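Analysis of the macromolecular model
Given next are the chains, with one letter for each unit.
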Amino acid sequence: MADQTHVLFVEDDDVIREATQLALERVGFAVTAMPDGLSGLEAFRSNRPDIALLDVMVPGLDGVSLCRRIRDESTVPVIMLSARADSIDVVLGLEAGADDYVTKPFDGAVLVARIRAVLRRFGHAGGGDRADAGLAADDGGVLTFGELEVDTEGMEVRRAGRPVALTPTEMRLLLEFSSAPGTVLSRDKLLERVWDYGWGGDTRVVDVHVQRLRTKIGQDRIETVRGFGYKLKA
């Protein structure tokens, strides 16, 4: 069906790949499943999926490297899958541009819920436009913070007059900060608002995305308030 959400799934374990593909197709997703990173990259370029699920440890081109390749070409949402919850695995995947991660073994229903949460953030309803990021900008104008300009309607960011390329997750994170400059936002609150977690999630997701955002908009623009969270300098 034309309005089906298309999932690229890269996993080298035959049993996990086939079982997960069936579980995703059962709830209405269209799935392209590949056993290694190189075929996954080819499938991504050929099919342009709505979301990519990438196992970290796949042959040919590992999941982190594949995520970097995808991120060089697209802002499509990426969820990393890992058999380990080690900090190195998680941080490497997130730093490569992943939007979220899920630790294996995972329950099929949990994976579906995480996929749908990411797609809601990106505005996909079978390939729809980006969703509103939750920022209430009454005047619909451009918010200015020093040399940083945030266009809340055009979803564009400029730093010293130059465009800044953000992923949708980074944009949503910046919009949350921009909606309350000078206000400390806790990691849990950001997980709830940006990642759509109605439950406690891994705050490393927030920390890595904040660091990625800082490298793009200025290291001193977002301040760490130890023990509480982060705030945007007005």
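Quick caveat, the model's predicted, so the values are computed rather than measured.

One pass over the structure, following the stated rule, counts 15 salt bridges. We note a salt bridge from Glu11 to Lys104, for which the minimum N-O separation is 2.9 Å. With a gap of 93 residues between them, Glu11 in the loop between strand S1 (6–10) and helix H1 (14–26) and Lys104 in the loop between strand S5 (100–103) and helix H5 (108–122) connect regions that are remote in the sequence. Comparing Glu11 with Lys104, the two get one shared label, buried. In this structure, the salt-bridge partner of Asp99 is Arg71, at a minimum N-O distance of 3.2 Å. Within this pair, whereas Asp99 is found in the loop between helix H4 (87–95) and S5, its partner Arg71 is found in helix H3 (residues 63–73), the two being separated by 28 residues in sequence.

A few words now on the sheet that holds strand S9 (residues 162–163). Pairing within the open sheet is antiparallel, and its four strands lie in the order S6-S7-S8-S9. Edge positions in the open sheet fall to strand S6 (142–145) and S9, since each of these has one partner strand only. Lying on the sheet, helix H6 (residues 168–179) is in contact with S6, strand S7 (148–151) and strand S8 (156–159); it crosses S7 at an angle near 105°.

Glancing now at the nonpolar core. Core analysis: the biggest nonpolar cluster contains 48 residues, and Leu54, Met80 and Phe177 have the highest contact counts within it. Leaving out residues up to four positions away in the same chain, Leu54 has contacts with Val10, Gly63, Leu66, Cys67, Ile70, Val78, Ile79, Met80 and Leu81. In terms of nonpolar packing, the next biggest core, distinct from the first, is built from 17 residues, Val7, Leu111, Val112 and Val118 among them.

Looking now at the environment of Arg17. When you line up the elements, Arg17 lands in helix H1. Taking the C-alpha atoms as reference points, Arg17 and Ala33, separated by 16 residues in sequence, lie 6.9 Å from one another. Non-local contacts of Arg17, meaning those with residues more than four positions away in its chain, are made with Phe9, Glu11, Asp12, Ala33, Met34 and Pro35.

The rules behind each value
- Residues numbered from 1 in each chain as written.
- Predicted model: local features only at pLDDT ≥ 70, side-chain atom pairs only at ≥ 80, totals over all residues.
- Heavy atoms only, no water.
- Salt bridge = Lys/Arg side-chain N within 4 Å of Asp/Glu carboxyl O.
- Helix = DSSP H or I, 4+ residues; strand = E, 2+ residues; numbered from the N terminus.
- Buried < 20%, exposed > 50% of the residue type's maximum accessible area, 1.4 Å probe, protein only.
- Pairing = 2+ DSSP bridges.
- Contact = heavy atoms within 4.5 Å.
- Axes fitted to C-alpha atoms, helices over the stretch in contact; angles between N-to-C directions.
- Core = buried A, V, L, I, M, F, W, Y, C linked by side-chain atoms within 4.5 Å.

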